[in-house]
Each structure stands twice: as structure tokens, then as C-alpha cells.
Amino acid sequence: MVTKKRYEVIRFILSAIIAFIMFYPILTVLMGGFKEKGQIFSDPFGIPNPPTLQTFGEILGATGTYWTLIFNSVYITGATIAIVIVFAMLASAALSRIRIRGQKALFNFFIMGLLFPLTVAILPLFLQLRSFGLIGSRWGVILTQAAFNLPISIFILTGFFRQIPFELQDACSIDGGTILTFFRKIMIPLSTPVLATVTIIVFVASWNQFMLPLLVLSDTSHFTIPLGVMQYQGQYASGWNQIMAFITLSILPVIIFYFALQRYVIDGLTAGAVKG
Amino acid sequence: MISKRKAGATQNLIMFVLFIAPALILFSVFVVAPVFQGAFYSLFNWKGAGPLNRENFAGIENFTRLFADKYFKTALWNNMKVIIFSLIFQLPAAFIFALLIGRGKTRGSVLFRSLYFFPYILTEIIAGVIWKFIYNPQFGLMTQLASFFADTKREIALLADPSTAFNAIFVVLFWKYIGFHMILYIAGLQNVPTELEDAAVIDGANRLQVIRNVIIPSMKGVISISIFLSVTGAFNVFDVVWAMGQGGPVHSTETLVTYLYNFGYKRFAFGYGSAVAIVIFLLCLAFNFLYQKYIVGEEN
């Protein structure tokens, strides 16, 4: 019994040390923005002394960069999520609820998309977007990213919709409802948790996406956070306290979102991966 | 009755087409078409403008040039390194993390779990920039450690030295993705039958024996998924490498995708770049096929 307790203590201490190592890089950033320029060089990993809010003030007060990036990231991610949810739900409903021939082949056609990462198609995509006049446009990023998120979303949603018993649908049609009624009154309310999973997967993929906007967006006024951070750290190469403050402000929304909903985020991301 | 059923079938068909059309069109235009166009472009010596005809048709020349290029070999080797290092270091470490915090009700395990997992949701570019700060030669961690332990004032510039740069980047990949594999293993641990474990302990098995003979065999499914995702992910590494040095110094940290960007897109060599893309795709496909056939297939 004593050894068991001792084992638990060792386990706790070991876990805590690993947690410290894993999170310290993030902590360095969160503290870095509060440091004065001198301290970031003399004591890059320590506690801010004296702490200053000046750098944050400068970034938030300036019109331009930071707010523009946040706006673009929210705009692009929001539009991507909306398109994926609507298109994938409609397609999955058709693939799982309307009994028709050739359904299975179409499903497999979408699932094949899981084999094509964005990187593999990036050059022809660039030419394709150019011929549509979408280079330089946020919609070039949105549509492409939405398309690449369809396979996993359709896979998850179709799997879920298939589990809804056909008796429910029959009951609905006996009561005079069309498939649209069934869709609105039964399927959408039932699928809230699985829609949350899809939203989280698409959110993370879209929010962090770098290569696609790097190729598509040329005007800095359209830049998203990853592009902006890349550009900012090139511009302020020696102003590490500024870069840290900038990164802190950029990841703050994600940190809040993550620690508030961590269970859903972790389960959602891994569920998607395991099913994929 | 028959005509009514027929009407129903037509109605179903219309409904089906309406529902599936938006996703099908978007998917075909932005995913499927570019992949096939890429396969076609890879046979031409083409700058992305003008006609594709007999004059710029190159056959497999792009591919032979590719495999003769020393930077492409570096890139391929770096991708292999990510795969090998992940299998040797990252996945076993993730397994140990899972054993540490994923079982029973250890104090703080929920907090630990979210701290270990956090790097995974962090934007890759931001992760890269953070580690550039940590590796900074003037004041970074390595330089500080060196002056603390070895009492030298020497600057340690891991990212500027071609012989160490890629290993330094691998550390970041290790840190970034370990939490993901840990979570998979934690999910797998829930499926290990406790009776079996208890029985093994009663029979006098020590902890290592329990892990090797009871826990690992019952987690085979999850482990094979984790290996699969690790390998396919490794073929597509880009953002972190880009943030930390864009494939430099002197192309020493080039990976297949940074190579595609630097030698294809940047030089407007769309034929040559497409050939790189096709190689990446075929490598993934071949791995996928062999893995499903020999590893996953064996289990079933």
C-alpha cells in the first residue's frame, strides 16, 4: 500500500515536470510581451520585471495590422465553416437518407479526397484560381479550403446520419412530412454534437492554414494571422518583445476557446482523425 | 400505385441531385480536377502559361531530373528522418505520457492532458517562430545552457548550421505533435480490459510485463492508426520548416513540400513542381496500400 502511494507521488511529479517542459515555450511567449526591450535579451525566459503593457498598447492602438489580421482570419474561417457545414450536411443527408442507386460510389468518390492533401494539388490549384480570377481574393482561400474539408466532414456526418433509424423517417412521412421536414425537425437537432466536432476540425484547419493563403493572398490587407505573424517577425526581427506581444494577442482567442471547451476540442479532433 | 411509386422515385432523384450538387461541384473543381491536372502538367516543361503541346512535352524528364537533384535527395532524406525519428522517439514517448496521465484518477490528469495537447492546436507558423526565439544564438536556451554548464561565451546557432538545423526542427515537430498521439493512446487505454491486467498482476507479472503482454496487444488498433497518421503527416511537413528557415540554410532543411514550393512555385516551374507533387502523392499512396495490406490486414 505504501509503495502504491509512493508510485502515485512519483507519477505526479514526473507528469508535472513534463507539463512544465511542454508548456514553457508558450509561457515564454505569454511573458515575453510584458517585458521591456532590454529584458527580453538579458533574461529571455524569466518573469517580466518590471512588467509593462506598453507593447500591447502599441499593437492594439495602431490601426491596421493586428485588427486587420483578426478580421481576415475570422472572416475566412467563418465563411469556410459555414460552407462546409451546409454543403456537407446536404450531401451527407442525400448519401444516407435518400435511397438511390450509385450512392455508395459517390460516397467513395468523396472519401477518396482523404488521400489528397492540399500540398499535392497546390500548383494546379494556383493556376485554377488564377483562371477564375480568385488570386488575391479571400474567396480563393475560402472555397479551396472548404473543398478540402468536405471529405472528412462528409465522412463523419454520413456515418452519423446512417445511425438515425429509418423508422423515424417513415413515421415522419406517414404524418405527412417531406424529407425537408424530417431534415429540419429531426436530423438537425439530433446532430448538434457531431456538427460541433466538424466545426472544431474545420476551425482548427482553417485558422492555422498557411500555405494556401501564402499562395493566394498578395495584398497585406487580406492577410490572415499566420501570414501576418510571419511578416511581422521579419519586419521586427530584433524586437522580440513586440513579436511576443503580437503572438500573445494572436493566440489569446484560441487559448480561451481551448481551455473553455477543451474536452470537446480534444475529443473532436481525435474523433475526426480516428474515423478518417 | 405503380405510377405513384415512380413519381416518388423521380422526386427522390431530384432531391438527391439538389442535395449533393453543391458539395460535388466544389469538390470536383477544387480537389479532384487539380490533382489530375497536376499529373498531366508533370509531363511537360511548362512555366504555367501558354499552350501545352508537343514542343514542351517532356515525358518523364521532370522525374529523372528530380531524382538526379541533390537537394531533392536532401528533402527526401529529411522526410524519411521525420518518419524514423517519430517512430523511434515520438510515438514511444507519447505512449509513456499516456501511461502517466491516462489511467486511473491521478491528481491533475485533466489539466496535464490539456497542457500536453495544447501545442497540437497551436498554429504551426507560430510554433516555428516561438522556437526560433528559443534557439536564438545570442540569448537563446542553447547558448545559455552552454555558458552555464561549459562556462563558454560561445554562441550556439543550431538553425544556422546545416548539420544541426534539421534535427533542431525535428525537436519542434516532436513537441508539436506528441500530444495528438498521446490522446489516441489514452483513448486506446480505455479499451484495455482491467480484469486481464489484474489477472496478470495476480500471476506475478511486473509492470513492464503487463505493459508488453497485456496493454500493448489490446491497443494494436490505436497504435496502427497512430503510426499511419504519423507517416502520412510526415510526408506533408511544411509550415514549421518554413517558419524556421524556409528550407535553409543552403537547402539543408528542405522537405518534399518546401522543395515543391522553392523549386516549383517560386521558379514558376509548374511542370517540374507538379512532378514533385506526384512523387509525394505516390509515396503516400504506396505507403497507404502496403500498410493496409500487410499491417492492418494481418490483424483482421
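Structure's up top.
Residues numbered from 1 in each chain as written. Chains lettered and ligands numbered in written order. Predicted model: local features only at pLDDT ≥ 70, side-chain atom pairs only at ≥ 80, totals over all residues. Heavy atoms only, no water.

Undergrad: I'm lost on the overall build of chain B in this one. Help?
TA: Along the backbone of chain B there are 13 helices and zero strands. When the elements of chain B are put in sequence order from the N terminus, they spell out α-α-α-α-α-α-α-α-α-α-α-α-α. The C-alpha radius of gyration of chain B comes to 25 Å, more than 25% above the 19 Å expected for a compact globule of 300 residues. Projected onto its principal axes, the C-alpha coordinates of chain B cover approximately 75 × 65 × 35 Å. A total of 300 residues make up chain B; the buried ones form 51% of that total. For chain B, the computed accessible surface area is about 14,400 Å², with 65% contributed by carbon and sulfur atoms. (Helix = DSSP H or I, 4+ residues; strand = E, 2+ residues; numbered from the N terminus. Rg over C-alpha atoms; globule rule 2.2 N^0.38 Å. Buried < 20%, exposed > 50% of the residue type's maximum accessible area, 1.4 Å probe, protein only. Areas by Shrake-Rupley, 256 points an atom, 1.4 Å probe, with all protein chains shown as cover.)

Undergrad: In this structure, what is going on with the packing of aromatic side chains? I would like to understand it.
TA: In this description, a pair of aromatic rings is defined by centroid distance and the angle of the planes. The final tally for this structure, using the stated rule, is 60 aromatic pairs over all chains. Between phenylalanine 45 of chain A and phenylalanine 133 of chain B the ring centres are 5.9 Å apart and the planes differ by 70°, which places this aromatic pair in the edge-to-face class. With phenylalanine 45 of chain A in the loop between helix H2 (37–42) and helix H3 (54–61) and phenylalanine 133 of chain B in helix H5 (residues 124–134), this residue pair bridges two chains. Side by side, phenylalanine 45 of chain A and phenylalanine 133 of chain B carry an identical accessibility label, which is buried. Measuring from ring centre to ring centre gives 5.2 Å for phenylalanine 116 of chain A and phenylalanine 281 of chain B, while their planes differ by 55°; the resulting arrangement is tilted. Placement of phenylalanine 116 of chain A in the loop between helix H5 (103–112) and helix H6 (118–131) and of phenylalanine 281 of chain B in helix H13 (residues 270–299) is noted, with the two residues assigned to different chains. When sorted by exposure, phenylalanine 116 of chain A lands in the same class as phenylalanine 281 of chain B, which is buried. The rings of Phe23, Tyr258 and Phe259 of chain A together with Phe117, Phe118, Tyr120, Tyr177 and Phe180 of chain B are connected pair by pair, giving a single aromatic cluster. Here the guanidinium or amino end of arginine 97 of chain A rests over the ring plane of phenylalanine 166 of chain A, the centre of that ring lying 4.4 Å away. A cation over a ring is seen here: arginine 162 of chain A above phenylalanine 107 of chain A, with NZ or CZ 4.7 Å from the ring centre. (Phe/Tyr/Trp six-rings, centres within 6.5 Å; stacked < 30°, edge-to-face > 60°. Lys NZ or Arg CZ within 6 Å of the ring centre and 35° of its normal.)

Undergrad: Could you clarify how one ought to interpret the side chain of threonine 258 of chain B in this entry?
TA: All names here are of chain B. Topologically, threonine 258 is positioned in helix H12 (residues 256–265). Judged by relative accessible area, which is 0%, threonine 258 ranks as buried. Leaving out residues up to four positions away in the same chain, threonine 258 has contacts with Phe238, Val241, Trp242 and Thr253. (Contact = heavy atoms within 4.5 Å.)

Undergrad: Can you help me understand the interface of chain A and chain B in this one?
TA: How big an interface is tends to be stated in terms of the accessible area lost upon association of its parts. The partner chain B presents 85 residues to the 91 residues of chain A that form the contact. Buried area between chain A and chain B, both sides added, is near 8,100 Å², and the carbon and sulfur share of it is 82%. Taken as a group, Met22, Phe45 and Leu123 of chain A account for 9% of the area that chain A buries against chain B, more than any other trio of residues on that side. In this assembly, chain A and chain B are joined by twelve residue pairs in polar contact (both at pLDDT 80 or more). Among the elements that take part in the side of chain A that touches chain B, helix H1 (residues 2–32) of chain A stands out by supplying 16 residues, more than any other. Of the residues belonging to the side of chain A that touches chain B, the class tally is 75 nonpolar, twelve polar and four charged. (Buried area = accessible area lost by both parts, 1.4 Å probe. Polar contact = N/O pair within 3.5 Å; in protein donor to acceptor, adjacent residues only side chain to side chain. Nonpolar A, V, L, I, M, F, W, Y, C, P; charged D, E, K, R; others polar.)

Undergrad: Help me out: how do you make sense of the environment of proline 25 of chain A in this one?
TA: Checked against the element boundaries, proline 25 of chain A lands in helix H1. Overall, proline 25 of chain A belongs to the buried group, its relative accessible area being 6%. In this structure the C-alpha to C-alpha distance between proline 25 of chain A and phenylalanine 116 of chain A, which are 91 residues apart in sequence, comes to 33 Å. Setting aside its immediate chain neighbours within four residues, proline 25 of chain A contacts Ile130, Trp131, Ile134 and Trp175 of chain B.

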